[in-house]
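Letter by letter, the chains look like this.
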Amino acid sequence: VMPMLVAALRLVAQQLTTRRIAARLGEMTSLVAAQAAALGFEVPPRHAPGIVGLRTGAGMPPAAELVRRLAALKPRPVLVSERLGVIRVSPHLYNTPDDLRCLLDE
């Protein structure tokens with residue numbers, strides 16, 4: 001067994017815990033949702049802790065175009081993709097609030 005894999009799984013199971021991970025991701029997606037709504041995106045009232053879907057508002061470019069622009073950012077602060085006309089934002093534990101602000105500033 002790979003020692004690094006075992007150490008990572010122990011870290012998640014014993015120190016981070018799935019409850020703490022979900023809480024942290026929930027904070028980040030809630031921040032994205034609030035900032036996106038302030039910019040005019042349509043944001044669902046509820047979303048999963050680690051993912052939020054944003055619909056472009058009136059006068060905005062299509063979701064696919066915005067995702068292409070965001071994908072060109074170097075470094076890419078937060079994972080984004082387009083699904084059926086919706087921008088899917090998926091922050092991870094390594095992301096910071098500054099990463100999220102950078103994403104929405106673009």
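This text follows the structure it describes.
Before going into details, it helps to say that this report is about the structure given with it. Every value quoted in this text rests on a predicted model; they were computed, and no experiment measured them.

Take the side chain of S81 next. Residue placement: S81 occurs in strand 2 (residues 79-83). In this structure, S81 is in contact with V67, V86, I87 and R88, ignoring residues within four places of it in sequence.

With that out of the way, let us pick up the sheet that holds strand 3 (residues 86-90). Overall, antiparallel pairing links the three strands, which are arranged 1-3-2 in an open sheet. Strands at the two margins of the open sheet, each flanked by one partner only, are strand 1 (52-54) and strand 2. Adjacent strand axes in the sheet meet at a mean angle of 30° when their direction is disregarded. Where helix 3 (residues 63-71) meets the sheet, it contacts strand 2 and strand 3, and its direction lies at approximately 155° from that of strand 2.

What follows deals with the pairing of strand 3. Burial analysis of strand 3 places four of its five residues in the buried class, the great majority of the element. Note that strand 1 and strand 3 share three bridges and pair antiparallel. Bridged to L54 within strand 3 is I87. Pairing of strand 2 with strand 3 involves five bridges; the strand directions are antiparallel. Following the sheet pairing, E82 is matched in strand 3 by I87. Linking two consecutive strands that pair antiparallel, namely strand 2 and strand 3, is a turn of two residues; a positive phi of about 50° is found at L84 within it.

Attention now goes to the environment of G40. Structurally, G40 is set in the loop between helix 2 (18-38) and strand 1. Taking the relative accessible area as the measure of exposure, G40 reaches 38% and is therefore partly exposed. When the C-alpha atoms of G40 and G59 are compared, they prove to be 9.5 Å apart, with 19 residues separating the residues in sequence. Setting aside residues no more than four positions away along its own chain, G40 makes contact with G57 and M60.

As a further point, take unusual backbone geometry. Positioned with a positive phi, L84 is a non-glycine residue whose angle comes to about 50°. Its place among the elements puts L84 in the loop between strand 2 and strand 3. Here L84 falls in the exposed class, since its relative accessible area comes to 84%.

Scanning the model with the defined rule gives two salt bridges in all. Between E65 and R69 there is a salt bridge whose closest N-O contact spans 2.5 Å. With E65 and R69 both in helix 3, this residue pair falls four residues apart, about one helical turn. Looking at R69, the relative accessible area reads 45%, which means it is partly exposed. Note that R101 and D98 form a salt bridge whose closest N and O atoms lie 2.7 Å from each other. Here R101 pairs with D98, and both are found in helix 4 (residues 97-105), just three residues apart, close to one helical turn. For R101, a relative accessible area of 36% gives the class partly exposed. For D98, a relative accessible area of 52% gives the class exposed.

Scoring rules and cut-offs
Residues numbered from 1 in each chain as written. Predicted model: local features only at pLDDT ≥ 70, side-chain atom pairs only at ≥ 80, totals over all residues. Heavy atoms only, no water. Helix = DSSP H or I, 4+ residues; strand = E, 2+ residues; numbered from the N terminus. Contact = heavy atoms within 4.5 Å. Pairing = 2+ DSSP bridges. Axes fitted to C-alpha atoms, helices over the stretch in contact; angles between N-to-C directions. Buried < 20%, exposed > 50% of the residue type's maximum accessible area, 1.4 Å probe, protein only. Salt bridge = Lys/Arg side-chain N within 4 Å of Asp/Glu carboxyl O.

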